Amino acid sequence: MSAPVATATLDISGVDGLALFGPADANLRVLERHFGVTLGARGQALSVTGPAEAVDAASAVLCLLCDRVRSGRVITDEDLGFLFSAGDAVKDSAPLPEDSVVFFGDKRVVKARTVGQAAYVEAMRRDDIVFGIGPAGTGKTYLAVAMAMRMLKDKQVERVILARPAVEAGESLGFLPGDLQEKVDPYLRPLYDAMQEMIHFEKLQRLLQMGVIEVAPLAYMRGRTLSRAFVILDEAQNTKLTQMKMFLTRLGPGSKAAITGDITQIDLEDPASSGLIRIQGILRGLDGVSFCYFTDRDVVRHRLVREIILAFDRNQSPPLDGEARP
């Protein structure tokens, strides 16, 4: 049986129609496709017709967009993506952030593009240890690198340290050519790539040579005390609990840590032993520690990445962490 059809009428008086609707009504067409509703404007009224739940969701988004236009702002694709990522929570969400910028890089401006990303960025600003857990393509590592670079630029920290566990995914390090650094470089390449998208290559090389930015395997962290540093542990799902403890206890005065990982992509022989899984029950509720969970709504890569994640979720067993997600 088809869902009952509902209609809501929104007052759009004082709203610039072109700014709200977009060129050739492009914004309206995006909203119609996303929510499965039909939009129609007549005079100072905008009608929303479709399934009752879809009408409610679309109306909530349109109200926020109207407020934005009334304040003289321009609606962008990022605004629409941000609101779409909120899902059912959009009705209770605050107005769109006017400053979602994380870092003004040499090559690009890095912004939070979804509600989940905005919460993650706010957690990194507020707390000293932040865990970003979720699927590929949600910006966990990229935003952590951007926040680290911003704090370095603002002189809130003196160093940026990026670490990854060198866990073999189907092949052994011992059989790879080269010395130790050449063996581990492939594991660290995504961290270099993230930084190279934000700052010029020459500047990055200079900061690496000066030791202001350090990219190293997790094993290199043992025995160190990291003061006034922003430390990122990427691919943390491939750590054991002892490694996770070792990493977290490296933090010295004035330091922050961001730990990122995807518990659906664990390369350990015993996935249940992942430090990222076990640490959630140990540190949850500790003041100054935040856990941020990303979903498919936060995927900002190619549109098919979200569909791939959903397809795997439909055909695999539940996540291994055994804990309810927010």
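Shown above is the structure to which this text applies.
The following refers to the structure shown. This structure is a prediction, so every number in the text was calculated from the model and none was measured.

To continue, consider the overall build of the protein chain. Per the secondary structure count, the protein chain includes eleven helices and eleven strands. Taken across its 326 residues, the protein chain has 47% of its residues classed as buried. Taking the contacts inside the protein chain whose residues are at least 6 apart along the sequence as the reference set, 71% of them involve residues at least 24 apart. When the accessible surface of the protein chain is totalled, it reaches about 16,800 Å², and 53% of it is carbon and sulfur.

Enumeration according to the criterion identifies ten salt bridges in this entry. Among the salt bridges present, the one from arginine 224 reaches glutamate 214, with a minimum N-O distance of 2.8 Å. Placement of arginine 224 in the loop between β8 (213-217) and β9 (229-233) and of glutamate 214 in strand β8 is noted, with a sequence separation of ten residues between them. What you see here is one network of salt bridges that share partners, running through Asp25, Arg29 and Glu32.

Once that is clear, we can look at helix α6 (residues 140-153). Taking 1.5 Å of rise per residue, 14 residues should cover 20 Å, and α6 covers 20 Å from first to last C-alpha, within 8% of that figure. Counted residue by residue, α6 has eleven buried out of 14 residues, so it is predominantly covered. Among all positions in α6, only Lys140, Thr141, Leu143, Ala144, Val145, Ala146, Met147, Ala148, Met149, Met151 and Leu152 are buried.

Throughout the structure, instances matching the rule amount to two aromatic pairs. Ring centres 5.1 Å apart and planes at 80° place the aromatic pair tyrosine 120 and phenylalanine 294 in the edge-to-face group. With tyrosine 120 in helix α5 (residues 115-126) and phenylalanine 294 in the loop between β11 (289-293) and α11 (303-315), this residue pair connects regions lying 174 residues apart in the sequence. Neither tyrosine 120 nor phenylalanine 294 differs from the other in exposure class; each is buried.

Attention now moves to the nonpolar core. Core analysis: the biggest nonpolar cluster contains 38 residues, and Tyr120, Met124, Leu162, Ile213 and Phe230 have the highest contact counts within it. Counting residues per element, the ones that place at least two in this core are β4 (101-104), α5, α6, β7 (159-164), α7 (180-196), α8 (201-210), β8 and β9. Among residues more than four places away in sequence, those in contact with tyrosine 120 are Val130, Gly132, Gly139, Lys140, Leu143, Ala144, Ala258, Thr260, Cys292 and Phe294. Counting 29 residues, the second largest nonpolar core, distinct from the first, contains Phe131, Met221, Ile277 and Leu283.

Let us now look at helix α2 (residues 26-35). The periodicity of an α-helix, 3.6 residues per turn, causes residues three or four places apart in sequence to face the same way. Buried within α2 we find Asn27, Leu28, Leu31, Glu32 and Phe35. Down the axis, α2 shows its buried residues gathered within 135° of arc, on one side only. Looking one or two residues beyond α2, the residue adopting positive phi is glycine 36, at roughly 70°.

Below, the discussion takes up the sheet that holds strand β3 (residues 45-51). Taking strand neighbours across the sheet as the criterion, the three strands line up as β1-β3-β2 in an open arrangement whose pairing is antiparallel. Two strands close off the open sheet at either side, each with one partner strand: β1 (5-11) and β2 (38-42). This sheet shows a mean twist of 20° between the axes of neighbouring strands, independent of strand direction. One ladder, built from five bridges, connects β2 with β3; its direction is antiparallel. Note on β3: the bridge partner recorded for alanine 41 is leucine 46. The strands touched by helix α3 (residues 52-70) within the sheet are β1, β2 and β3, with β3 carrying the most contacts at an inclination of about 155°.

Overall, parallel pairing links the six strands, which are arranged β8-β7-β9-β10-β6-β11 in an open sheet. Either end of the sheet is taken by a strand with one partner, and the two such strands are β8 and β11. On average, each strand axis in the sheet is tilted by 15° relative to the strand beside it, whichever way the strands run.

Now for unusual backbone geometry. Phi is positive for lysine 155, close to 60°, though the residue is something other than glycine. Phi at arginine 228 takes a positive value of approximately 45°, unusual for a residue other than glycine. Relative to the assigned elements, arginine 228 resides in the loop between β8 and β9.

This paragraph deals with the packing of helix α9 (residues 241-248) against helix α10 (residues 275-283). Here α9 crosses α10 at 60°, and the two axes come no closer than 8 Å. When the axes of α9 and α10 are compared, the pair comes out oblique. The interaxial crossing formed by α9 with α10 has right-handed handedness. Contacts between α9 and α10 involve Leu241, Met244 and Leu248 from the former and Gly275, Leu276, Arg278, Ile279, Ile282 and Leu283 from the latter. Grouping the constituent residues of the contact of α9 with α10 by class yields seven nonpolar, one polar and one charged.

Below, the discussion takes up the environment of alanine 163. Position of alanine 163 among the secondary structure elements: in strand β7. Apart from residues lying up to four places away in sequence, alanine 163 is in contact with Leu191, Ala216, Leu218, Met221, Ile232, Leu233 and Asp234.

By the element assignment, glycine 288 lies in the loop between α10 and β11. Given the relative accessible area of 23%, glycine 288 is considered partly exposed. The spatial distance from the C-alpha of glycine 288 to the C-alpha of alanine 123 is 9.3 Å, given a sequence separation of 165 residues. Setting aside residues up to four positions removed in sequence, glycine 288 forms contacts with Asp127, Asp128 and Ile129.

Criteria and cut-off values
Residues numbered from 1 in each chain as written. Predicted model: local features only at pLDDT ≥ 70, side-chain atom pairs only at ≥ 80, totals over all residues. Heavy atoms only, no water. Helix = DSSP H or I, 4+ residues; strand = E, 2+ residues; numbered from the N terminus. Buried < 20%, exposed > 50% of the residue type's maximum accessible area, 1.4 Å probe, protein only. Contact = heavy atoms within 4.5 Å. Areas by Shrake-Rupley, 256 points an atom, 1.4 Å probe, with all protein chains shown as cover. Salt bridge = Lys/Arg side-chain N within 4 Å of Asp/Glu carboxyl O. Expected span 1.5 Å × (residues − 1). Phe/Tyr/Trp six-rings, centres within 6.5 Å; stacked < 30°, edge-to-face > 60°. Core = buried A, V, L, I, M, F, W, Y, C linked by side-chain atoms within 4.5 Å. Arc of directions from axis to C-beta. Pairing = 2+ DSSP bridges. Axes fitted to C-alpha atoms, helices over the stretch in contact; angles between N-to-C directions. Parallel < 35°, antiparallel > 145°, perpendicular 65-115°, else oblique. Left-handed = near helix turned anticlockwise from the far one by under 90°. Nonpolar A, V, L, I, M, F, W, Y, C, P; charged D, E, K, R; others polar.

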